[in-house]
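Each chain is listed here by its residues.
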Amino acid sequence: MKAARAKTPRRPAVKKPSNPSLKDPVGVYCRVRPLSRPDQECCIEVINETTVQIHPPDGYRIFRNGEYRETQYSFKEVFGTLVVQKELFDVVAKPLVEDLIRGKNGLLFTYGVTGSGKTHTMTGSPGDGGLLPRCLDMIFNSIGPFQAKRFVFKLDDKNGVDVQCEVDALLERQKKDAMPVPKTPSGKRQIDPEFADMINVQDHCKVEEVDEDNVYSVFVSYIEIYNNYIYDLLEEAPFEPIKPKPPQSKILREDQNHNMYVTGCTEVEVKSTEEAFEVFWRGQKKRRIANTQLNRESSRSHSVFIIKLAQAPLDADGDNVLQEKEQITLSQLSLVDLAGSERTNRTKAEGNRLREAGNINQSLMTLRTCIEVLRENQMYGTNKMVPYRDSKLTHLFKNYFDGEGKVRMIVCVNPKAEDYEESLQVMRFAEMTQEVEVARPVDRPLCGLTPGRRFRNQAFREELSRKLEMRGGPINGETEEQSVSEMFLQNFPPLPSCELLDVNDDQTLPKLIEVLEKRHKLRQMLSEEFAKNVLAFKTMLQDFDSSIVSKENYIQGKLSEKEKTIAGQKMELERLEKKIKTLEYKIEILEKTATIYEEDKRNLQQELESKSQKLQRQASDKRRLEARLQGMVAETTMKWEKECERRVAAKQLEMQNKLWVKDEKLKQLKAIVTEPKNEKPERPSRERDREKPVQRSVSPSPAPNAPPVRLRHRRSRSAGERWVDHKPPSNLPTETVMQPHVPHAITVAAASEKALAKCDKYMLTHQELASDGEIETKLIKGDVFKTRGGGQAVQFTEIETLKQESPTGRKRRSSPSNPDPPEDAADSEWTDVETRCSVAVEMRAGSALGPGYQHHAQPKRRKP
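Since this is a predicted model, take the numbers as computed values, not measurements. (Residues numbered from 1 in each chain as written. Predicted model: local features only at pLDDT ≥ 70, side-chain atom pairs only at ≥ 80, totals over all residues. Heavy atoms only, no water.)

Observations concerning the state of the cysteines
This model, assessed by the stated rule, comprises zero disulfides. Summary of cysteine pairing: Cys-42 is not part of a disulfide, and the nearest cysteine sulfur, belonging to Cys-43, is at 6.1 Å. Cys-205 supplies the cysteine sulfur nearest to Cys-135, a cysteine that is in no disulfide, at a spacing of 9.6 Å. (Disulfide = S-S within 2.5 Å.)

Listed below in structure tokens is the structure:
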């Protein structure tokens, strides 16, 4: 039997599960705690068994698009405010306990903001135990009759377990009992009333299918992660009243199966729910909590309560534990109470509390980052490295996300309106976590021994003890043989007295002879009967031997047939193994070829990407250069076009002015020569002046009855363009006949970017006092163009001057007090005509005939 038994390891040497295609999503559940006061505003509403709805509270800032949006989130199951702890345990934690007893790992953690009920969900309250005491109660209700004695299983310092023989375990127990103060509570100790109500669970929940041929032992440990350091809450530090030593942080290590564990952590073997919870409560008192603005007892660290279950099969007799380390299965259930995420502006944290809050938020952010990277790798097929090592929390539980157990999360939320923003972030993280899938762990291998060994051995012992009780005590072979001989002698007739008192006594000897003869006959009868029985027994043995021989022959025939079948199967197996080796060799060659091709493909892809990037850069440089050249060409073209237009206009104006002056002089000369003196000289009409688009102003006649001259505006050559007419409020109105006027202009008192964006020309009206005491008005013109930064700029091109002069140096020859002959009157009228005609329009060189002119009166030489 022992030679046929296979030694199967507990877990395969390969890290990944045997069937990675079977994956289960992370189970995420939501629990809504009740409000502290009935008049509080609520922002979370349970829609159905799997959906909650969260909406902004009253007075909260609405979204950018002006909507008052309500958001719904779906979970595997939602537990409302009226759900009791038992219902939550049956749905979430009970399957994890069943997997623990079947040799599989599990991770359960609570997540949420501070004050959302995470510790209440995990630990519970007096009279209403949480998930942790209910898990312990279910474990011990299931394995209670099958627990091994203390110290049969012994944990090593490398996350492994050894099995000891009964003698070594007994020595360990005696050594433990000899200690003056036991570290672990005994079963007869009184339960601490502080937590007695928490573990008084009346449900008696248990796992139905428990392997009865195994023995079990439970080990518990309790750690906390505070400021990204790991501390053992069950460590018994020596008491030093003068200078107590602070607790030492622990180190994370990886065992031979690539599982993470805490080095030097205290692991206590417990035998009952009360004992296990008392160990937990002892560590709970050392956990760091503090009073904040949001929670009177706020957890300042992440706590991890680890339950390890060691189990090993009984031997073939069903009496003792099988002394093979490979057959030991060690599974664990980690119950994690995460510290709540919080905002320091709400908790008013300072000093150490502020540092604790920063480390808590940092570890939770690392957890969120790991979940995001896992989700991205699974959804998009990427192979990004998951940053487990950025935090002790994620580094400790990275095996669960790699496929070493089932992962479940309970999201605890507080529906009050003050926690709206934090609850929204928690909901988003929980919804994202549901999309992460974890590989299903492999099942525990079978040990190969006959099932039901324990109860057969127990039934045999009970039957043996019953028979011994019926016979009055233990019976060995010697007493049984004596009783048979005594019973045999009692069947013979008793011997008479053989004492001869007289020589003539003739009765004693005959009686003795008669009794001996009877005994002899009886002995012969018994011998004959014994011989008959022996003969019948021999016949029965012969028949039995013949049947055994026939059965052996039949079995030998069957065995020969089976051996032939096995030989054929072995040959087929060898053939298949050779075929497998050939196929493996071919697969290896194909894999190498595929690797080479993939490497070439990657190199070509990289080269193609580099060349495409280079081409893109060249194309972008080319486009940028073309745009720059086009801009330069357009700018240069526009500049030279304007310069040419300006020069042509200046030249035309100059030529027109010269021609006009010559015409005027010729006309005046002709009038002087041809007309008589007594006639009034008249200025001949000029058709050219009428044909000019720009009309010139005429001085008013000195006649007293002449009608008043109507003010006319000068139109600009650029009237078709849009102008910005910038007139500062400090300017004074002038009473000149010719006034600058631009139609459809935007008149502003101060330059603005909005006005400049609508126009392409700009004109600034500037006034200053000339040397002769008159007001001189300057019209400063420019072009408006857009800058690269999206603004507006003005480039000034020309300046026009509007100036009024009084001809105080000229005097008329006629006087009203001294009437002159008609010649003098004619001369006076001529002088007035000369004065009026002497008003000319002078343009600056380069002017574009804009809405500004320079007026001045030039005195002519008097006629001789």
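From this point, the discussion proceeds with the structure in view.
So, the sheet that holds strand 3 (residues 44-46)
Across the sheet, three strands lie side by side as 3-4-5; this open sheet has antiparallel pairing. Every other strand in the sheet has two partners, leaving strand 3 and strand 5 (71-74) as the edge strands with one partner each. The sheet shows a mean angle of 25 degrees between the axes of neighbouring strands, taken without regard to direction. Sheet topology places strand 3 next to strand 4 (residues 51-54); three bridges connect them, and they run antiparallel. Directly across from Glu-45, in strand 4, lies its bridge partner Gln-53. Along the sheet, helix 10 (residues 420-433) contacts strand 3, strand 4 and strand 5; its crossing angle with strand 5, the most-contacted strand, is approximately 40 degrees. (Pairing = 2+ DSSP bridges. Helix = DSSP H or I, 4+ residues; strand = E, 2+ residues; numbered from the N terminus. Axes fitted to C-alpha atoms, helices over the stretch in contact; angles between N-to-C directions. Contact = heavy atoms within 4.5 Å.)

Some details on the packing of helix 3 (residues 131-143) against helix 5 (residues 273-284)
Where helix 3 contacts helix 5, the two axes come as close as 9 Å, and the packing angle between them is 150 degrees. Classified by the angle their axes make, helix 3 and helix 5 are roughly antiparallel. Handedness of the crossing formed by helix 3 with helix 5: right-handed. Two secondary-structure elements touch here, helix 3 through Leu-132, Pro-133, Leu-136, Asp-137 and Phe-140 and helix 5 through Thr-273, Ala-276, Phe-277 and Phe-280. For the contact of helix 3 with helix 5, the class distribution of residues is seven nonpolar, one polar and one charged. (Parallel < 35°, antiparallel > 145°, perpendicular 65-115°, else oblique. Left-handed = near helix turned anticlockwise from the far one by under 90°. Nonpolar A, V, L, I, M, F, W, Y, C, P; charged D, E, K, R; others polar.)

With respect to the confidence of the model for the protein chain
Confidence in the prediction of the protein chain, expressed as mean pLDDT, is 78, and 74% of residues score 70 or more. Here residues 182-188 is modelled with pLDDT under 50, and outside its nearest four sequence neighbours on either side it reaches nine contacts, counting other chains as well. For the stretch residues 809-864, pLDDT sits under 50, and the model shows 107 contacts to residues farther than four places along the chain or on other chains. (pLDDT = per-residue confidence, 0-100.)

A look at the side chain of Asp-99
Inspection of the secondary structure puts Asp-99 in helix 1 (residues 85-101). Residue classification places Asp-99 among the buried residues on the basis of a relative accessible area of 11%. (Buried < 20%, exposed > 50% of the residue type's maximum accessible area, 1.4 Å probe, protein only.)

Remarks on unusual backbone geometry
Here Asn-227, not a glycine, exhibits a phi torsion of approximately 55 degrees, which is positive. For Asn-227, the location among the structural elements is in the loop between strand 12 (214-226) and strand 13 (229-232). Even without being glycine, Asn-228 reaches a positive phi, approximately 65 degrees. For Asn-228, the location among the structural elements is in the loop between strand 12 and strand 13. With relative accessibility at 31%, the residue Asn-228 sits in the partly exposed group.

Thoughts on the side chain of Glu-224
Position of Glu-224 relative to the elements: it lies in strand 12. Contacts of Glu-224, omitting those with residues within four sequence positions, involve Tyr-229, Ile-230, Tyr-231, Leu-233, Lys-286, Arg-287, Arg-288, Ser-301, His-302 and Ser-303.

Things to note about a nonpolar patch on the surface
Together, Phe-460, Leu-464 and Leu-468 make up an exposed nonpolar region whose accessible area comes to about 290 Å². Assignment of secondary structure puts Leu-468 in helix 11 (residues 453-471). (Patch = residues over 30% accessible without salt bridge, like charges linked within 9 Å, V, L, I, M, F, W, Y side chains within 5 Å. Areas by Shrake-Rupley, 256 points an atom, 1.4 Å probe, with all protein chains shown as cover. Salt bridge = Lys/Arg side-chain N within 4 Å of Asp/Glu carboxyl O.)

Points about the pattern of salt bridges
Scanning all chains against the criterion turns up 35 salt bridges. Of the charged contacts, one joins Glu-235 and Lys-250 as a salt bridge, the two residues approaching to 3.5 Å between their closest N and O atoms. Placement of the pair is Glu-235 in the loop between strand 13 and strand 14 (252-254) and Lys-250 in the loop between strand 13 and strand 14, with a sequence separation of 15 residues. Judged by its relative accessible area of 29%, Glu-235 falls in the partly exposed class. For Lys-250, a relative accessible area of 15% translates into the label buried. Glu-588 is paired through a salt bridge with Lys-592; the nearest N and O atoms lie 3.7 Å apart. Note that Glu-588 and Lys-592 are positioned in helix 13 (residues 508-674) at a spacing of four residues, about one turn of the helix. Among the residues examined, Lys-592 registers a relative accessible area of 52% and is labelled exposed. If you follow the salt bridges from partner to partner, you end up with Lys-149, Glu-166 and Arg-173 in one network.

Quick look at helix 3
Working note: α-helix, 3.6 residues per turn, so residues spaced by three or four point in the same direction. Over its 13 residues, helix 3 runs 19 Å from end to end, which matches the ideal 18 Å to within 8%, given 1.5 Å per residue. Summarising burial for helix 3: twelve of the 13 residues are buried, a large majority. Every buried residue belonging to helix 3 is among Leu-131, Leu-132, Pro-133, Arg-134, Cys-135, Leu-136, Asp-137, Met-138, Ile-139, Phe-140, Ser-142 and Ile-143, and all of these are buried. (Expected span 1.5 Å × (residues − 1).)

Thoughts on the pairing of strand 2 (residues 27-32)
Counting buried positions over the six residues of strand 2 gives six, a clear majority of the element. Of the two faces of strand 2, the one lined by Gly-27, Tyr-29 and Arg-31 and the one lined by Val-28, Cys-30 and Val-32 are each fully buried. Where strand 2 lies against strand 21 (residues 406-413), six bridges are found, and the strand directions are parallel. When the sheet's bridge partners are listed, Gly-27 is paired in strand 21 with Arg-408. Alignment of strand 2 against strand 6 (residues 77-79), held across three bridges, turns out to be parallel. In the strand pairing of strand 6, Tyr-29 is matched with Glu-77.

A short note on the packing of aromatic side chains
The final tally for this structure, using the stated rule, is nine aromatic pairs. Judged by centre distance (6.1 Å) and plane angle (25 degrees), the rings of Phe-277 and Trp-281 are stacked. Of this pair, Phe-277 and Trp-281 both sit in helix 5, four residues apart, roughly one helical turn. For Phe-277, a relative accessible area of 0% puts it in the buried group. A ring pair is formed by Phe-280 and Phe-305, whose centres lie 5.3 Å apart and whose planes are at 85 degrees; its orientation type is edge-to-face. Placement of Phe-280 in helix 5 and of Phe-305 in strand 19 (residues 302-313) is noted, with a sequence separation of 25 residues between them. Side by side, Phe-280 and Phe-305 carry an identical accessibility label, which is buried. (Phe/Tyr/Trp six-rings, centres within 6.5 Å; stacked < 30°, edge-to-face > 60°.)

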